[in-house]
Every structure is written in structure tokens, then in C-alpha cells.
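Notes for the structure review
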Amino acid sequence: MGHHDLHQAELPPLAIQFPRSDGSRVPYEVFSSPAIYEREQERIYRGPTWNFVALDVEISQPGDFKSTYVGDTPVVVTRTPDGSLAAWVNRCAHRGAKLCTLPRGNATSHACLYHQWNFDSRGNLTGIPFRRGQKQMAGMPPDFDMKAHGLQKLRVDSYGGLIFASFSDTVAALPDYIGNEMRPWIDRIMHKPIVYLGCTRQFVNANWKLYFENVKDPYHASLLHLFHTTFNILRVGMKARSLPDAGHGLHSIITATRIEDDNSSAAYTAQDIRSMNEGFHLEDESVLGYVHEYEEATTNHIQSIFPQLVLQQIHNSLVARQLLPKAPDQFELVFHFFGYADDTPELRELRIKQANLVGPAGYISMEDGYATELVQRGSLREGKSSSVLDMGLSQPDQQDTLITESLIRRFWTGYQALMAL
Amino acid sequence: MTPLDQMLLWFELYSLQERYISVLDNDQLEAWPELFTADGHYEIVPKENADAGLPMGIIYCNNQGMMRDRILSTREANLYEPQTYRHLVSGLIITPADQGMVKMSANYVVIRTNQEGDSIIYQAGRYEDQVINTAEGWRYRSKRAIYDTLRVPTLMAIPV
Ligand code: FES
Ligand SMILES: [Fe+2]
């Protein structure tokens, strides 16, 4: 998908300058500006994007529903009686009350608590108490059009068992939006029926884009997350990929595949990087077990589908992370864990055990939220200063590396186009 | 069980729980795994998953070695802001079950204080425990922390 697909009406420029056009300098105010946050809600989350909202298996039965968000707009995604998907803004069409107050459930109709206006699972208005009045008293006007007063509907579609919603009438079809480069990687993980194993949530006092940078930043993996090197897990010498999508560059995939007998720990020791310590080992290494499930023995698969999804395979831990902006300086992550329907009991146990690796208490991920908070705190009054994203700049096409900031630069150029900055 | 036996049991298990929160709140993390049996289970799961019968949580250990690994990682590998927990535990219920095993449940609240001195209610939840009497005294065979505070603020470095 090309930049033209993201075209929207022109907007007056915000007084925010990206010093370079290649995405390598990012003014810190984009992480704290309320004006930026407001524009993101319109141009990104309500703009020409598809936003991950649920796994298909979370709402598998007719009538199943889930309350969630597109950006910071509360939406409900439902399975309708004929098995199709629907999504609507969780705002009553009468006077704006939050309609669905449950996080999940099953219902073929949704009645508003305030005056009992009733809607079907597609969001159509089906009933108004006292619509015809009572005892000669007038009700709603006789020409009141029920069809014109349904809930605000979103487009909704699923790809590979992942459900996305969009406010846009002009966004490309979902498979095209995901794009040729990214689809095979989703197919790789979602290649057979899955089972939902529950979710965990993490709330971070930082801007959501700092997390997006983080999942496009393989450079930090072995430096921030010392678990890797303390216990000898991931090495710079692993076979690596850092690929953006070919269009706007807002999606990306990072993989690491283990190469046996690599000697790259020497590179760390030579550079005196704090992370090497030969002295520690795990008593129970089963947490790092790896059952081969795919053609390539990839231990890390971190794939971002802009703006709300990070699809993850770390060893045998499978997660669809939903990234939700809450305020200029707050985001929430919802980790949707899953396994395959044909998991053996041992493999299922391993997936549960490997939840120790990821999420808010994850051995190799707990620092990510903290790192983004440190950026938020450090840069708060430095809005006109810029971050420096030069790693790998001289070889922009090199993709077989983890020592690069190329995906982050691509993210920022795509972001600027979408935001008209 | 005589009333005196019941009082004694309550006192012993209350003491175990007090010891449990004391080691976590006073930086004696290496003593934490020792309060479990060698095959002990420890997990922290959100209430929404526990209620729905879904298994996933944020920490899961199915033996004491994994608990020692967790503490070793907290000490040596993971990076986080220095912090202190204060556990408030109430509502202890003790239910003797089969073969010397006793079930316990209690409410907990953890207040977390960072190095700038900001204290937050970090997590509220309940413990669901199984304990047995060993040669070293009462030990947890299983401890589940089921938390109501569904959004974990920033990170969890120390068990609750
Ligand atoms: S606001 Fe929903 S029925 Fe009145
Ligand atoms: Fe990370």
C-alpha cells in the first residue's frame, strides 16, 4: 500500500517540526502534546487504518460481545446471529450513555440502562419505550426514523483469526492494508485453529508511540533486557530480520533465529558491555524450552500492525498485544494469550510457563514499560529537542540485522505522512 | 479438633502468612522460595481470567527452583526502579482439608513506594493457598494471588 492510500483532507500545520525528512530526528513534543494526541485520534484511529480489537475465538458464538477501544473511543465488537462480525461505538444513540457496561458476554440485544432504548448486536435500533406514547400522550414524532438512529457502526473484518475495526470508508481492504510483506508472517503464526488462554494488562505512564518505537527497536533487546545475556539466551550473532512493509512503513516484523555454537559473547565482553555475566544459570531452564512448531526455528517474532497490534511469538509464547492510547502520557497494553487447538498438555503447560517471559512481569520484557516511562520523564520539558535515530543509517537497506533503527525511521516517515506533519 | 487445636492452627498459619509478607516487604527475597515445598506452585493471575477459568497470569512457578530463578533474575538481570512493597493482609479463612493439607484464603493490598517516595495502591486481590506441615514447619504447597487490579502499573519485579 502506498502513501496515496493514506490520503486525507489537508490540515493546517501544527507548529511541530521534524528536523529531517528521513525519520531520524523526532521532536520530543510528539510524545506529550495534547494537540498531537487529538489529531492522532482523528487521523490515525478514526482515519484510514484497521485497528486490532479481538481474536476471533474470543467472540466465537452468536451473540458474543467484547468491549474494547479503537484509539480512546470505546467500541463493542460482536458476533451477530448469522455468524458475521459487527462493531459499534459504545454510545447510546439517544443521549449518549455508555451502552454496554460489561467487558464481555453474550446477548442478542443491548438495552441502554438510562431509558431502555434497545439495539441488536449489529447496532440497529430495535425498540424505544413509549415510542407511541401512552394514553393520548404523544410519544416520538410519527416520522421518527428508527433506521437513522442506530449506533455508530465501524467496519469490521478479520484476517487469520485477528479481528480489526475501522472508522474509515476509504481504507483499503484489510488484507491489502496488512500488505504483501506482512501477511505471510501473520499466516505463519495463525496457520491453524487457536484457543484463547486469557489476557493480562499493563498500564504505562508514557506515550503510546514510545511503545511502538520499542517493538521496532531490535537494538535494545540485548542491552535493556539483561535476562538474555545474564542467562545466555539471545546473542547478537543470531540470524535476524528487520523488515518494514513496502508501503507506508508503519508495520514491521523483527525475527531472531538461533544459530548453534555462536561465539558472539566475545563481542560483548570485548566492548565491556555491562550485560555479560558468565556466573548465573537457571535452576529450571524449562521456561526457555522450545518446541519446534514452524518451518524456521525462530525464537522471536515481533510484528507490529499499525496502530493497535503487536503479534508475538517468543519461544512458544503466543500473544496478540493490543496497544491502546489513554492520554498523551498514558497507554495500556492488553496481552491476549493463545495456543493452538491441537496443543498437547505438555505444550500447553509450556505456553503457560513461558508467560513468565513476557508481559508486565516478563523476564525479557518487564523493562520495556519502564524504559518508555524514562523517556517520557526525561523529555517532558524538552519538546523542541529531538531523539537521535542513526543506528544503521548508512545502510538503510540492510535487513538481516538487529543492530538498526531503520524500522523506527520508517515508522516516523509513515507517521508524518498520516498526520500531515 | 478441639478449640485449642483450632486456635493453635490459626496462630501457626497466621504466623506463616506474616512471615511471607515480611520477607517480601523487607528485602529478604531469597527467603521467599523457602516458604514453599520443593514441588510448590506459585502464580499470580488476574481475576478476569480466574473467573473465566482461563489459565494465564503474569508469574507462574511450578517448583521451588523456578521461584529461586525468579528472585535471581530480579536481583541480577531485571532493571526496574527501586521500590518497596507494604502488604496489608486481612480476612484470613482457614479450612482443613484432606491428608493434613489446609486451605487458606485472605485479602491482600500491596502499596508500592518508589524511590521518590510516591506510594500507590499497586495491587488488591486475594490469596488462595494450600499449606502442609513439613519437618521445617508449615509450607505453601500452592499459592495463587488472584488480583482485582487488572491493569498492572508499569511492571512487576517482586512477587506479591
Ligand atoms: S441515553 Fe440511552 S436510552 Fe437514553
Ligand atoms: Fe523490549
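Because the structure is predicted, anything quoted here is derived from the model rather than measured.

The subject of this paragraph is the sheet that holds strand S8 (residues 118-120) of chain A. Residue and element names in this part refer to chain A. If you trace the three strands from one edge of the open sheet to the other, you get S7-S8-S9, paired in antiparallel fashion. The open sheet is flanked by strand S7 (109-111) and strand S9 (125-127), the only strands paired with a single partner. Neighbour-to-neighbour, the strand axes of this sheet turn through a mean angle of 35°, independent of strand direction. Examined bridge by bridge, S8 and S9 share two bridges and lie antiparallel to one another. Bridge pairing in S9 links Asn118 to Gly127.

Before going further, it helps to examine the packing of aromatic side chains. By the definition in use, this model includes 26 aromatic pairs over all chains. Centroid distance B:Tyr20 to B:Tyr140: 5.4 Å. Interplanar angle 70°. Geometry classified as edge-to-face. Pair noted here: B:Tyr20 is in helix H1 (residues 3-25) and B:Tyr140 is in strand S6 (residues 137-147), with a separation of 120 residues, a long-range link. B:Tyr140 shares its class with B:Tyr20; the two are buried. Between B:Trp32 and B:Phe36 the ring centres are 5.6 Å apart and the planes differ by 75°, which places this aromatic pair in the edge-to-face class. Among the aromatic residues, those joined into a cluster by ring pairs are A:Phe18, A:Phe31, A:Tyr45, A:Trp208, A:Phe212, A:Phe306, A:Phe411, A:Trp412 and A:Tyr415. Above the plane of the ring of A:Phe167 lies A:Arg46, whose end atom (NZ or CZ) is 4.5 Å from the centre. One cation-aromatic arrangement involves A:Lys192 over A:Tyr340; the distance from NZ or CZ to the ring centre is 4.9 Å.

Next up on the list: the sheet that holds strand S10 (residues 153-159) of chain A. By way of backbone hydrogen bonds, the strands of a sheet pair with one another, either parallel or antiparallel. All names here are of chain A. What the seven strands build is an open sheet, ordered S2-S11-S10-S5-S4-S3-S6; its pairing is antiparallel. Across the chains shown, the open sheet's two edge strands, defined by having one partner strand only, are strand S2 (51-55) and strand S6 (104-106). Each strand axis lies, on average, 30° off the axis of its neighbour in the sheet, ignoring direction.

Attention now goes to the coordination of the iron ion (ligand 2). When four donors bind a metal tetrahedrally, each ideal donor-metal-donor angle is 109.5 degrees, and when six bind octahedrally, the ideal angles are 90 or 180 degrees. All names here are of chain A. Within the protein, the atoms that donate to the iron ion (ligand 2) are His220 (NE2), His225 (NE2), Asp368 (OD) and Asp368 (OD), at distances of 2.1 to 2.4 Å. Read from N- to C-terminus, the donor residues coordinating the iron ion (ligand 2) fall into the pattern H-x4-H-x142-D. You can see His220 sitting in the loop between helix H4 (208-214) and helix H5 (221-224) and its partner Asp368 sitting in helix H9 (residues 366-379), a full 148 residues away along the chain. Here His220 matches Asp368 in class, with each residue buried.

A:Leu162, A:Trp412, A:Tyr415, B:Tyr20, B:Tyr42, B:Met156 and B:Val160 are the most contacted members of the largest nonpolar core, which has 138 residues in total. Mapped onto the domain boundaries, this core takes at least three residues apiece from domain 1 (51-157) and domain 2 (180-419) of chain A. Apart from the residues lying within four places of it in its own chain, the contact partners of B:Val160 are B:Tyr20, B:Leu24, B:Tyr42, B:Ile44, B:Tyr85, B:His87, B:Tyr108, B:Val110, B:Tyr122, B:Gln123, B:Tyr127 and B:Ala145. Of all hydrophobic cores here, the second largest spans 15 residues; its members include A:Cys92, A:Cys100, A:Leu125 and A:Ile128.

Residue and element names in this part refer to chain A. Remark: helix H1 (residues 34-45) packs on helix H10 (residues 406-419), axes separated minimally by 10 Å, with the N-to-C direction vectors making an angle of 80°. In terms of orientation, H1 lies roughly perpendicular with respect to H10. Only Tyr415, Leu418 and Met419 of H10 make contact with H1, whose side of the interface consists of Ile36, Arg39, Glu40, Arg43 and Ile44. In terms of residue class, the contact of H1 with H10 is made up of five nonpolar, no polar and three charged.

Quick look at the pattern of salt bridges now. Tallied over the full model, the rule gives 27 salt bridges over all chains. One salt bridge in this structure joins B:Lys143 and B:Asp129, with 2.9 Å as the shortest N-O distance. Taken together, the positions of B:Lys143 in strand S6 and B:Asp129 in strand S5 (residues 119-134) put the pair 14 residues apart, joining distant regions of the chain. Taken together, the shared-partner salt bridges connect A:Arg201, A:Lys326, A:Glu332, B:Glu48 and B:Arg151 into one network.

Each partner contributes to the interface: chain B provides 34 residues, whereas chain A provides 40 residues. Buried surface at the junction of chain B and chain A, both sides included, amounts to about 3,400 Å², of which 55% is carbon and sulfur. Put simply, chain B and chain A have four salt bridges between them. The partner of B:Glu48 in a salt bridge is A:Arg201, and the shortest N-O contact between them spans 2.7 Å. Counting every contact that joins chain B to chain A gives 25 residue pairs in polar contact (both at pLDDT 80 or more). For the side of chain B that touches chain A, the secondary-structure elements that each account for two or more residues are helix H2 (47-52), strand S2 (59-61), helix H3 (64-77) and strand S7 (151-153) of chain B. For the side of chain B that touches chain A, the leading source of residues is H3(B), giving nine residues. Bridge analysis of strand S12 (residues 194-204) of chain A against S7(B) gives three bridges, and the strand direction is parallel. Among the inter-strand pairings, A:Gln202 is bridged to a residue of S7(B), identified as B:Val152.

The next subject is unusual backbone geometry. Residues and elements named next belong to chain A. Note that the residue after Phe306, namely Pro307, is joined by a cis bond; omega there is 0°. Along the chain, the position of Pro307 falls in the loop between strand S15 (298-305) and strand S16 (309-314). Positioned with a positive phi, Lys135 is a non-glycine residue whose angle comes to about 50°. Positionally, Lys135 belongs in the loop between S9 and S10. By relative accessible area, Lys135 is classed as exposed at 71%. In this model, His315 sits at a positive phi of 50°, which is unusual for a non-glycine residue. Its location among the elements puts His315 in the loop between S16 and strand S17 (317-327). By relative accessible area, His315 is classed as buried at 4%.

All names here are of chain A. In terms of domains, chain A is made up of domain 1 (51-157) and domain 2 (180-419). Opposite the 13 residues of domain 1 that make contact, domain 2 presents 14 residues. Both sides together, the interface formed by domain 1 and domain 2 hides about 1,100 Å², and carbon and sulfur atoms give 61% of it. Of all residues in domain 1, Phe52, Leu55 and Val57 bury the most surface against domain 2, accounting for 47% of the area lost on that side. Taken together, domain 1 and domain 2 are joined by zero salt bridges.

Reading the values: the criteria
Residues numbered from 1 in each chain as written. Chains lettered and ligands numbered in written order. Predicted model: local features only at pLDDT ≥ 70, side-chain atom pairs only at ≥ 80, totals over all residues. Heavy atoms only, no water. Pairing = 2+ DSSP bridges. Helix = DSSP H or I, 4+ residues; strand = E, 2+ residues; numbered from the N terminus. Axes fitted to C-alpha atoms, helices over the stretch in contact; angles between N-to-C directions. Phe/Tyr/Trp six-rings, centres within 6.5 Å; stacked < 30°, edge-to-face > 60°. Buried < 20%, exposed > 50% of the residue type's maximum accessible area, 1.4 Å probe, protein only. Lys NZ or Arg CZ within 6 Å of the ring centre and 35° of its normal. Donors = N, O, S within 2.8 Å, 3.2 Å for Na, K, Ca; no water. Core = buried A, V, L, I, M, F, W, Y, C linked by side-chain atoms within 4.5 Å. Domains from an automatic or database assignment. Contact = heavy atoms within 4.5 Å. Parallel < 35°, antiparallel > 145°, perpendicular 65-115°, else oblique. Nonpolar A, V, L, I, M, F, W, Y, C, P; charged D, E, K, R; others polar. Salt bridge = Lys/Arg side-chain N within 4 Å of Asp/Glu carboxyl O. Buried area = accessible area lost by both parts, 1.4 Å probe. Polar contact = N/O pair within 3.5 Å; in protein donor to acceptor, adjacent residues only side chain to side chain.

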